[in-house]
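Coordinates in review
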Amino acid sequence: MRTTEDAEGFDGEASNTSMISGASSPYQPTTEPVLSRNVMGGIRCDMEYLKSYFGILKVVEVVLSLIGFICIETIMMCSPCGGVYFFEFVSCSCFVVTGVLLLIFCLNLHTKVPHVNWSLTDLVNTAASTFFFFLSSLVLACINHNTGAEIAAVIFGFLVTGVYGVNSFLAVRRWRRGNGCQGAAQTSEYMRARTASRGEMEARPELA
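Since the model is a prediction, treat every value here as computed from it, not as a measurement.

This part covers the overall build of the chain. Looking only at helices and strands, the chain has 6 helices and 0 strands in total. In sequence order, the secondary structure elements of the chain are arranged as α-α-α-α-α-α. Put simply, 78% of the contacts in the chain that link residues at least 6 apart link residues at least 24 apart. Of the roughly 14300 Å² that the chain leaves accessible, carbon and sulfur atoms contribute 67%.

Laid out in structure tokens, this is it:
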């Protein structure tokens, strides 16, 4: 049987061994705080976009679309109602889609999805909104009951049509400019590759 002194010596050696192995172990406990992942990191309000032409136009489009939708919603009775329903659908759809795009561009969410051509998406939205707002306003102007709400909806409909038209013109210019820069970059890359290949051929004339 072990004596008390032997047991104490064994315990001391075990504690020293554990301290040495703990000091030499690469897996040391850390006291550094673990930072939680910020899911909303990088999302901020881009005031520069709101101050730009596209930001101002989008805000005006959202406001005018909402006013037109409110005007058409105040009509309680109509016969026929085709023009009213058509304008109601167009104003509500344009308000929602343009509002979503405004939020995406203001919060820089489009940078999170770089594989989407956002310039072309904005162009398609503005062009379609221009066409359908003009058509629905024209139909409502021809088929109405001369009520104040219908006349106000027609006025705001043509106003927002003009704003969407200006936005479409600027969006086309931006889209063409982007495609031109992309085409120039691809051409430059192609010429650089040809030059490098030609240099290799000149350096090794035996391959010619």
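Scanning the entire structure with this criterion turns up 1 disulfide. Shown here is the disulfide that connects C78 with C81, its sulfur atoms set 2.0 Å apart. For the disulfide bridge between C78 and C81, the dihedral angle about the S-S bond is near 115°, and by the sign convention the bridge is right-handed. For C78, a relative accessible area of 23% translates into the label partly exposed.

In contact at an axis separation of 8 Å, helix α3 (residues 53-73) and helix α4 (residues 82-106) are set at 150° when each is read in the N-to-C sense. Regarding the angle of α3 to α4, the classification is roughly antiparallel. In the crossing of α3 with α4, the sense of the turn from one axis to the other is left-handed. Of the residues in α4, those touching α3 at G55, K58, V59, E61, V62, S65, L66, G68, F69, I72 and E73 are V84, F87, E88, S91, C92, C94, F95, T98, G99, L101, L102 and F105. Taken together, the residues that form the contact of α3 with α4 break down as 13 nonpolar, 6 polar and 4 charged.

Here we take up the packing of aromatic side chains. If you walk through the whole model with that rule in mind, you get 6 aromatic pairs. Geometrically, the ring pair formed by Y49 and F105 is tilted, given 5.5 Å between the ring centres and 45° between the ring planes. One end of the pair, Y49, is in helix α2 (residues 47-51); the other, F105, is in helix α4, and 56 residues separate them in sequence. Of the two residues, Y49 and F105, neither departs from the other in class, the shared state being buried. On the numbers, 6.1 Å between centres and 70° between planes, the contact of F134 with F158 is edge-to-face. In this pair, F134 is assigned in helix α5 (residues 118-142) and F158 in helix α6 (residues 148-203), connecting sequence segments 24 residues apart. One aromatic cluster in this structure is built from Y49, F105 and W118. The cationic tip of R174 hangs over the ring face of F54; the distance from NZ or CZ to the ring centre is 4.0 Å.

Definitions and cut-offs
Residues numbered from 1 in each chain as written. Predicted model: local features only at pLDDT ≥ 70, side-chain atom pairs only at ≥ 80, totals over all residues. Heavy atoms only, no water. Helix = DSSP H or I, 4+ residues; strand = E, 2+ residues; numbered from the N terminus. Contact = heavy atoms within 4.5 Å. Areas by Shrake-Rupley, 256 points an atom, 1.4 Å probe, with all protein chains shown as cover. Disulfide = S-S within 2.5 Å. Buried < 20%, exposed > 50% of the residue type's maximum accessible area, 1.4 Å probe, protein only. Axes fitted to C-alpha atoms, helices over the stretch in contact; angles between N-to-C directions. Parallel < 35°, antiparallel > 145°, perpendicular 65-115°, else oblique. Left-handed = near helix turned anticlockwise from the far one by under 90°. Nonpolar A, V, L, I, M, F, W, Y, C, P; charged D, E, K, R; others polar. Phe/Tyr/Trp six-rings, centres within 6.5 Å; stacked < 30°, edge-to-face > 60°. Lys NZ or Arg CZ within 6 Å of the ring centre and 35° of its normal.

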